[in-house]
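Letter by letter, the chains look like this.
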Amino acid sequence: MFLLTTTTDNGKVAMEKLRSSLHEFNPGPVHQFSENEFQLNWFSVKPADNLHVYKNGYVVGKIAFEEACSPDPMVHQENMPDRTNTLLINVQIERDGKGWKIKPNQSTCIFYSKNSISDMQLLIADNCQYTPDMMHFAILASVGYFPGNLTLFEEIQKIPFLHALLLPGFELKREEEYRKNLPNDGKMIERLVDVLPKVQKTYLGLSGGMDSRFVLGVLLKAGITPELITQKGDEIDIAAKVASKLNLKHSLALSPPLAPQMYTIMTDGLIYYKGGTYSRLRDAIDKDSVFHFGLSAGAIIENTMKTAWKRPGNKSNIYDDLIFYGLLNYAPNQFNGLAKRYSKQDVLAYLKKNLAFGKEYTDFKGGKQWSSWFYHLHRALRWCGDHTADLSFYTYPVLILRDLEAVSYGIPTSAYENFYKDRLRKMNQKLMPNLDIAYSQNRPVKMLPLVVRDFNKIYYEFFKRFLARFQAKKKVSLTKSAGGEKLKFYNEVDLEDTVNPNFKNYIRKNLKELVLDETVSKNEKRAAVTLHHVLNYIQGKH
């Protein structure tokens, strides 16, 4: 964890407060480095938290996956390396003339305000005493996480993808360009094999689906033998059969959930309550390990956000359609729990303005390619990391499917070859030809005969999936949010603890009344729990 700030008096106080709240993880001591008007504060608590001190600056985070964790900074006599593995979570803080260049590694989220930079929005907010923004809270209540460069605070933003932040002027500079490639699954797989971390202990979260099985195939092709872990669910038997067939160790893991306040701190308040629960695997893993997922598959190995581009008609507004259908499809038309009466259209207008930067990287042809890019920029680089953030305190999460070079080979594939996940099915069969175990929902391993395959694609994509989505939306609209069954979701939360004086500035009722209100959506309630914890943390109740 780090905080680079000009508010040197408050910086260490904010760091010590965070360190205290994470005491159960045995964090290292806070170290400070003064550089002109800036002060770098750092301590180690996660497997990815090393600090390297070079002649020309710092690298916060490991520079190699196999690097041992260290509670103390590691000092080098040379300049920092030009590049590290794109999947590493780290950031370069480089002396650049009379100033500094803050350059996040490809998929690393680094946040900044007018005087502070950190890998946690809560550190900046606590250091500067910012309070959550009402519209940004409405985004959390509708999307469930923060797309683009947004956070819970208006004053704090993420450094944009492929950009660096220049100090002392806090100016943004594009450091890399997106390079288009022709579709090539062979080169895509070669690239994934090349960037895979080669460490002694490797885990893979395996479900009964196709995405995690693809990652398994890539790991095996690279000569890596992972230990498979499955959460409790309907797909345990499938995962166990796969493990048995391939002679891989397999375990079922389901630790108790984290305390709600702790969960919010560990996920940095960037995702609503229980937006991810991977920390329930914590008792089955070693800290000196990497953990792979099938997450962030949408842009690289399948079609995604199809509701936005399958519809007939003009696709000139495809990016705006992706915001509406990809992010706000299940948002309520009116937020009944919020103190200010925001509507879905209000949030849509705000997101259109703040996510428009995504169109500046390159120009894509067709709705499918735009949806893949949109997914990578707003979901793979944001939601996927936030979704697994609680697990990052117990292992090193690795999401190989968001490596940009590999993604660039998958984005231009045609929509039709991805229908019914046919392309993915073909790649999985090629990677693991002897694996004949059906996927979840009894989906076949092998591709269907040619004529049947085409009919099945059209039926599945345009009739079966449409009906399933319609039924799901209808079910959501009819489901009551109150009642004992729904309250089970919040049984870990102290609903009586509503003494926070600022909570009423965002929510019309106290937390318990909100949870019992049938007119308030479940997502609003989950966001309210997160807001409550964030307010408590900033005000010192952690």
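1. Describing the sheet that holds strand β14 (residues 202-205)
Through backbone hydrogen bonds, the strands of a sheet pair up, either in parallel or in antiparallel fashion. Spatial strand order, β16-β15-β14-β17-β18: five strands in an open sheet with parallel pairing. A strand with exactly one partner marks an edge of an open sheet, and here the two such strands are β16 (250-252) and β18 (396-398). The average undirected angle you get between the axes of adjacent strands in this sheet is 30°. Alignment of strand β17 (residues 290-292) against β18, held across three bridges, turns out to be parallel. Bridging across to β18, Val290 finds its partner in Tyr396. Strand contacts of helix α5 (residues 210-221): β14, β15 (227-230) and β17, with the helix running at about 155° to β14, the strand carrying the most contacts.

2. Some details on helix α14 (residues 422-431)
Counting buried residues along α14, seven of its 10 residues qualify, which places the element largely inside the surrounding structure. Buried within α14 are the following residues: Asp422, Arg423, Leu424, Arg425, Met427, Asn428 and Leu431.

3. As for the nonpolar core
Membership of the largest hydrophobic core comes to 154 residues, with the highest contact counts inside it found for Leu22, Met188, Phe214, Leu351 and Trp373. For Phe214, the residues in contact, after removing those within four places along its chain, are Met188, Ile189, Leu192, Ile301, Leu401, Leu424, Met427, Asn428 and Leu431. If you look at the next biggest cluster of nonpolar residues, it comprises 20 residues, including Phe38, Leu40, Ile102 and Ile159.

4. Describing the pattern of salt bridges
Pairs can form between side chains of opposite charge once their charged atoms are near each other. Going through the model one piece at a time under the given rule, you end up with 15 salt bridges. With a shortest N-O distance of 4.0 Å, Lys103 and Glu175 are connected by a salt bridge. Of this pair, Lys103 sits in strand β8 (residues 99-104) while Glu175 is found in the loop between β13 (171-174) and α4 (185-195), placing the two residues 72 residues apart along the sequence. One salt bridge connects Glu405 with Arg191, and the closest N-O pair in it is separated by 3.5 Å. Of the two residues, Glu405 sits in helix α12 (residues 404-410) while Arg191 sits in helix α4, which places them 214 residues apart along the sequence. Taking the relative accessible area as the measure of exposure, Arg191 reaches 16% and is therefore buried. Via salt bridges that share partners, Lys101, Lys103, Lys173 and Glu175 belong to a single interconnected network.

5. Regarding the pairing of strand β5 (residues 57-60)
Of the two faces of β5, both are covered, the one formed by Gly57 and Val59 as well as the one formed by Tyr58 and Val60. Pairing analysis gives four bridges linking strand β4 (residues 51-54) to β5, with the strands arranged antiparallel. Opposite Tyr54, over in β5, you have Gly57 as the bridge partner. Where β4 folds back on β5, the antiparallel hairpin that results is connected by two residues.

6. Some points on the confidence of the model for the protein
Averaged over all residues, the pLDDT of the protein is 90; the fraction at 70 or higher stands at 90%. Between residues 476-485, whose pLDDT stays under 50, and residues either more than four places distant or in other chains, the model counts 15 contacts.

7. Considerations on the pairing of β4
Across the two faces of β4 the burial is the same, with Leu51 and Val53 and His52 and Tyr54 all buried. Relative to strand β6 (residues 74-75), β4 runs parallel, the two sharing two bridges. Within β6, the position partnered with His52 by the bridge is Met74.

What counts and how
- Residues numbered from 1 in each chain as written.
- Predicted model: local features only at pLDDT ≥ 70, side-chain atom pairs only at ≥ 80, totals over all residues.
- Heavy atoms only, no water.
- Pairing = 2+ DSSP bridges.
- Helix = DSSP H or I, 4+ residues; strand = E, 2+ residues; numbered from the N terminus.
- Axes fitted to C-alpha atoms, helices over the stretch in contact; angles between N-to-C directions.
- Contact = heavy atoms within 4.5 Å.
- Buried < 20%, exposed > 50% of the residue type's maximum accessible area, 1.4 Å probe, protein only.
- Core = buried A, V, L, I, M, F, W, Y, C linked by side-chain atoms within 4.5 Å.
- Salt bridge = Lys/Arg side-chain N within 4 Å of Asp/Glu carboxyl O.
- pLDDT = per-residue confidence, 0-100.

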